[in-house]
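Observations on the three-dimensional arrangement
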Amino acid sequence: MRKDKFQNSMWAYLMIAPLVIGIGIFYIFPFFQNLYFSLTNLGAFGQFKYIGFKNYEKLMYDPKMYQALKNTFVYVLFSVPLGITCSTLVATMLNSKIKGLTIYRVLYFLPAVTMPTAIAMVWRWMYNKEFGLLNQFLNNFGFESRAWLSDPQTALYAVIVVAIWSNIGYNMVILLAGLQGIPKMYYEAAKIDGAGPVTCFFKITLPLLSPSLFFVTVMSFINSFQIFDLVFMMVNRTNPAFESSMTIVYFFYTNAFQMSERGYAAAIAVVLFIIIMAFTWIQLKLQKKLVNY
Amino acid sequence: MKKIILSLLSLGLLTSLTGCGSDEKTTSSNKDKVLKLALWDANQKPVIESMISNFEKENPGVKVVVEITPFSQYWTKLETAATGGQLQDIFWINAPNFTKYAKANMILPIQDLVDNKSINKDSFPEGMIKMYTYDNKLMAAPKDIDTTALWYNKEIFDSLKLQYPNDNWTWNDMVTTAKEIKNKTGNYGLALGFAGQEDYYEIISQFGGRVISPDKKTSGFSDPNTIAAVKEIKELLDEKVIPSLGEIADTRSSDLFQSQKVAMTYSGSWMVKQYMKNEIIKDKVDLAKLPLKTKDAAIIHGLGYAIYSQTKHPEEAKKLVTYLSSKDSHDTQAKSGIVIPAYIESQEIWTESYPNLNLHGYSKMLPNGIEYPASLNTGKWEDVMNEYLNKVWMGELTPEKACEIINEKMNAILKEEV
């Protein structure tokens, strides 16, 4: 009996070994390495010296860090709630019986499997002042053309729109799975009691969808805090809107890879880690109050 | 038991599959010594590959693989590769990054090639040799030269019955013409790129100013001529003679020029091929040397081929670099018209590579060239300079105030370099 148990667990360990080793080498080890590097002056070509908490001290007085934090919070505050609302609406619509359902599902999911760089290129084209589709369309209604991505007042929001659009697909699939797990009989019972579609949505769909919604919310928060690729592709270094749309990871990137201040960049990464951890912890606390199981 | 057998079977299947894959690879790379060559300009790939295939014929057993990374990611990638000890055997280097790589011992000196006359120093402009000499040793073989000229669209000039820009033009001629075009057509007459080289670096030099002192120890932003140049550009922006920074960030000046939305623009010599590839404008455009302000000046920059200090095949890499810096290779480069060859004797061939273009507009500037502003940590002060100049272009700071801040911060950065 004991031998059998040992054999079973050995197989289990053997099976998860590739994953655990992979995570260990590529996630856990670099994480601690980064913690250490944040206390050094690591620069170009890997030479470094231990300098204690100087990087964090410098970070505390760096106005660019606060600008990046502010931008990132604006980004998260808009893209998470709007993104989830849109995905929920789309998922609910695609859960009904309409013609060409699979085609719609594919169409909404397509952005999720498209490379962010490709998405950014296409949207940059659409936002362009001289040749962009969006401005051509707005011109028809008498609005003047704007340089959406190089105007400090609109650039960040222009990126947020793209981010919401490209995330709908991924969130939708998870929510759709959640929706299909809700037994039909609840709706039938509610109908008999005289509930309309709106009441059904708020009293049955939403509460029973809350586990999926919770998962999607946590993931969206984490992903939004780490936004980089879209901003990087759409707002470059010489863009006048750079300062007003630079996110924390972008700030990290410029320091690590353009200025070769790797130690300082490591400190930025640690700060971002703490912020994300705090937010996730709050959400896990709220989970007990808001999520129905 | 059954499970174990099954898993063993599947494991065996997996290894046999991967085994097949690796076998195939080794056969092709076993004998050949492979040299990797890193570069960023896809336009130059065909020419470089034709030179390489000649080299491979002359040197059996050596294979050269070209790896292209777009310029915006090139230095990031190169630095990461260098940190990990995986730098390509031979790579393009430019002035802003040269000292950094040379100081970190990433480059194999090729002074021995100069000493044994494989590379003839006198065939190249002195400035280029100086640019790539570190610690009294030549570190990179000069590849090409780039400089800037004024491009114009003949069709727009014809339609307004204006005189084409010529080599006797002054700064004021250009500005008045640009204003006239703007007034008559509503489109911009002139566009600047706000990137440094090709625009404000050139204008600062023409005004007699400096970005950095010749000894690379102090900033040039306290020079009244430098400040005057910045002021002049700001005035052009205020009078809406040139597109704003925002408009250029949205659509680059070279794209505006290619879509005929602008009549004149400053363009580097590396743009010749791009413009001549464009079917819409290729017969409508020409160029002249930069208009004269206080003095004839243009930033001269050029690329070099550097060899990685830890390369596994230093002898073969040196052979390739020698071949690429020979007159034959520079002639091939010149005929393609892609870049101005660094080899002085080949430059004449280049100016005739496009008979319908006045390429002398570029070559005339070479004797008046000013070395590209660079130091050990070029990127750091460039970042400060761009940030505060952008504030001027956006109207958030006065030119005087911004130049004062740049001067102060740049000097602090330069002080750390010693």
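Scope of this entry: the structure provided in the associated data block. All of these numbers come straight from a predicted model, not from anything done at the bench.

Notes on the overall build of chain B
- Summing up its helical and strand segments, chain B has 19 helices and 13 strands in all.
- C-alpha extents for chain B along the principal axes are approximately 85 × 55 × 50 Å.
- In chain B, buried positions account for 55% of the 418 residues.
- For chain B, the exposed surface amounts to about 18,600 Å²; the carbon and sulfur share of it is 51%.
- In chain B, the 48 positive side-chain charges and the 55 negative ones have mean positions that sit 4 Å from each other.

Focus on helix α8 (residues 171-185) of chain B
Residues and elements named next belong to chain B.
- End to end, α8 covers 21 Å across 15 residues, agreeing with the expected 21 Å (1.5 Å per residue, within 8%).
- Inspection of α8 places Trp171, Met174, Val175, Thr177, Ala178 and Ile181 among the buried residues, and these make up the whole buried set. Buried positions in α8, seen along its axis, are confined to an arc of 165 degrees and lie on one side of it. Opposite the buried face of α8, by more than 90 degrees, sit the exposed residues Asn172 and Asn183.
- On the buried face of α8, the contacting elements are β7 (148-153), α7 (154-159), β8 (188-191), α9 (200-206), α10 (224-238) and β9 (262-268).

Things to note about the pattern of salt bridges
- On inspection of all chains with the given rule, the structure shows 25 salt bridges over all chains.
- The closest approach of N and O atoms between A:Arg237 and B:Asp383, which form a salt bridge, is 2.3 Å. With A:Arg237 in the loop between α10 (229-234) and α11 (242-245) and B:Asp383 in helix α18 (residues 378-393), this pair bridges two chains.
- A relative accessible area of 29% places A:Arg237 in the partly exposed class.

Describing the interface of chain A and chain B
- Chain A puts 26 residues into the contact, and the matching count from chain B is 29 residues.
- With both chains or domains summed, chain A and chain B bury close to 2,400 Å², and 54% of this area falls on carbon and sulfur atoms.
- On inspection of chain A and its partner chain B, the count reaches seven salt bridges.
- With a shortest N-O distance of 2.9 Å, A:Lys64 and B:Glu387 are connected by a salt bridge.
- Classifying every residue of the side of chain A that touches chain B gives 13 nonpolar, six polar and seven charged.

Some details on the pairing of strand β1 (residues 33-39) of chain B
Residues and elements named next belong to chain B.
- Across seven bridges, the pairing between β1 and strand β2 (residues 62-68) is parallel. Considered in β2, the bridge of Lys36 is made with Val65.
- In this view, the connection linking β1 to its parallel neighbour β2 by way of helix α2 (residues 45-58) has right-handed handedness.
- Summarising the sheet, β1 and strand β3 (residues 90-93) pair through two bridges and their orientation is parallel. Looking at the pairing, Leu37 lines up with Ile90 of β3.

Examining the sheet that holds β8(B)
Residues and elements named next belong to chain B.
- Spatially, β8-β9-β7-β10 is the arrangement adopted by the four strands of the open sheet, whose pairing is mixed. Whereas interior strands pair on both sides, the edge strands pair on one side only; in this sheet they are β8 and β10 (285-288). Each neighbouring strand pair of the sheet contributes to a mean axis angle of 25 degrees, computed without reference to strand direction.
- Two strands pair when backbone bridges link them, and β7 and β10 are joined in this way by four bridges, in the antiparallel orientation. Counted as the bridge partner of Tyr152 is Asp286 from β10.
- Relative to the sheet, α8 contacts β7, β8 and β9, its axis offset from that of β9 by approximately 140 degrees.

Quick notes on the side chain of B:Lys143
All names here are of chain B.
- With respect to the helices, strands and loops of the structure, Lys143 is situated in strand β6 (residues 140-146).
- Residue classification places Lys143 among the buried positions, given a relative accessible area of 0%.
- One polar contact links Lys143 to Asp144, side chain to side chain, over a distance of 2.6 Å.
- Setting aside anything within four residues of it in sequence, one finds Lys143 in contact with Gln44, Ile48, Trp92, Met128, Leu303, Gly304, Tyr305, His330, Gln333, Val339, Pro341 and Ala342.

Side note on the packing of aromatic side chains
- Counting across every chain of the model gives 47 aromatic pairs over all chains.
- Ring centres of A:Phe201 and A:Phe202 lie 5.2 Å apart, and the angle between their planes is 90 degrees; on these two criteria the pair is classed as edge-to-face.
- On the basis of an interplanar angle of 55 degrees and a centroid distance of 6.0 Å, the ring pair of B:Trp75 and B:Tyr101 is categorised as tilted. Of this pair, B:Trp75 sits in helix α3 (residues 71-83) while B:Tyr101 is found in helix α4 (residues 95-103), placing the two residues 26 residues apart along the sequence.
- Accessibility expressed as a relative area gives 0% for B:Tyr101, which makes it buried.
- Of the aromatic side chains, those joined through ring pairs into one cluster are A:Phe45, B:Trp40, B:Phe71, B:Tyr74, B:Trp75, B:Phe91, B:Trp92 and B:Tyr101.
- The cationic tip of B:Lys391 hangs over the ring face of B:Tyr388; the distance from NZ or CZ to the ring centre is 5.8 Å.

Parameters and conventions
Residues take numbers from 1 onward in each chain, read along the sequence in its written order. Going through the entries in the order they are written, you letter the chains from A and number the ligands from 1. Only residues with pLDDT of at least 70 get local features here, since the model is predicted, and only at 80 or more are side-chain atom pairs given and counted; chain-wide, interface and lining totals rely on the full set of residues. Hydrogens are left out, water is left out, and the side-chain values use all remaining heavy atoms of the structure. The way it works is that DSSP assigns letters per residue, a run of H or I at least four long becomes a helix, a run of E at least two long becomes a strand, and they are numbered from the N terminus. Remark: exposure states derive from per-residue accessible area (1.4 Å probe, protein chains only) relative to the maximum for the residue type, with buried under 20%, exposed over 50%, and partly exposed in between. The Shrake-Rupley method, run with a 1.4 Å probe sphere, supplies the accessible areas, and residue values consider only the shown protein chains as cover. None of His or the chain ends enter the tally, which takes Lys and Arg as positive and Asp and Glu as negative. Positions of charges follow a simple convention, taking NZ of Lys, CZ of Arg, CG of Asp or CD of Glu. Here the expected span of a helix is defined as 1.5 Å times the quantity of residues minus one. Taken from the helix axis, the directions to the C-beta atoms give the arc we talk about. Contacts were defined at the residue level, with two residues in contact if any of their heavy atoms lie within 4.5 Å. One speaks of a salt bridge when a side-chain nitrogen belonging to Lys or Arg is within 4 Å of a carboxyl oxygen belonging to Asp or Glu. Here the quantity called buried area is the total loss of accessible area, with a 1.4 Å probe, experienced by two parts when brought into contact, counted for both. Only Asp, Glu, Lys and Arg are considered charged, only Ala, Val, Leu, Ile, Met, Phe, Trp, Tyr, Cys and Pro nonpolar, and every remaining residue, Gly among them, polar. Only strands that DSSP links by at least two bridges are regarded as paired with each other. The path from the first strand over the helix to the second decides the hand: if it runs clockwise while the strands point away from the viewer, the crossover is right-handed. Here, axes are lines fitted to C-alpha atoms. For helices the fit covers the stretch in contact, and angles between N-to-C directions go from 0 to 180 degrees. We call two N or O atoms a polar contact when they sit within 3.5 Å, provided that within protein one can donate a hydrogen and the other can accept it, with sequence-adjacent residues counted only if both atoms are side-chain atoms. Stacked, tilted and edge-to-face are the three classes applied to pairs of Phe, Tyr and Trp rings, where Trp contributes its six-membered ring and a pair requires centres within 6.5 Å; stacked means planes under 30 degrees apart, edge-to-face means over 60, and tilted covers the rest. Counted as over-ring charges are cases with an Arg CZ or a Lys NZ within 6 Å of the ring centre that also lie within 35 degrees of the ring normal.

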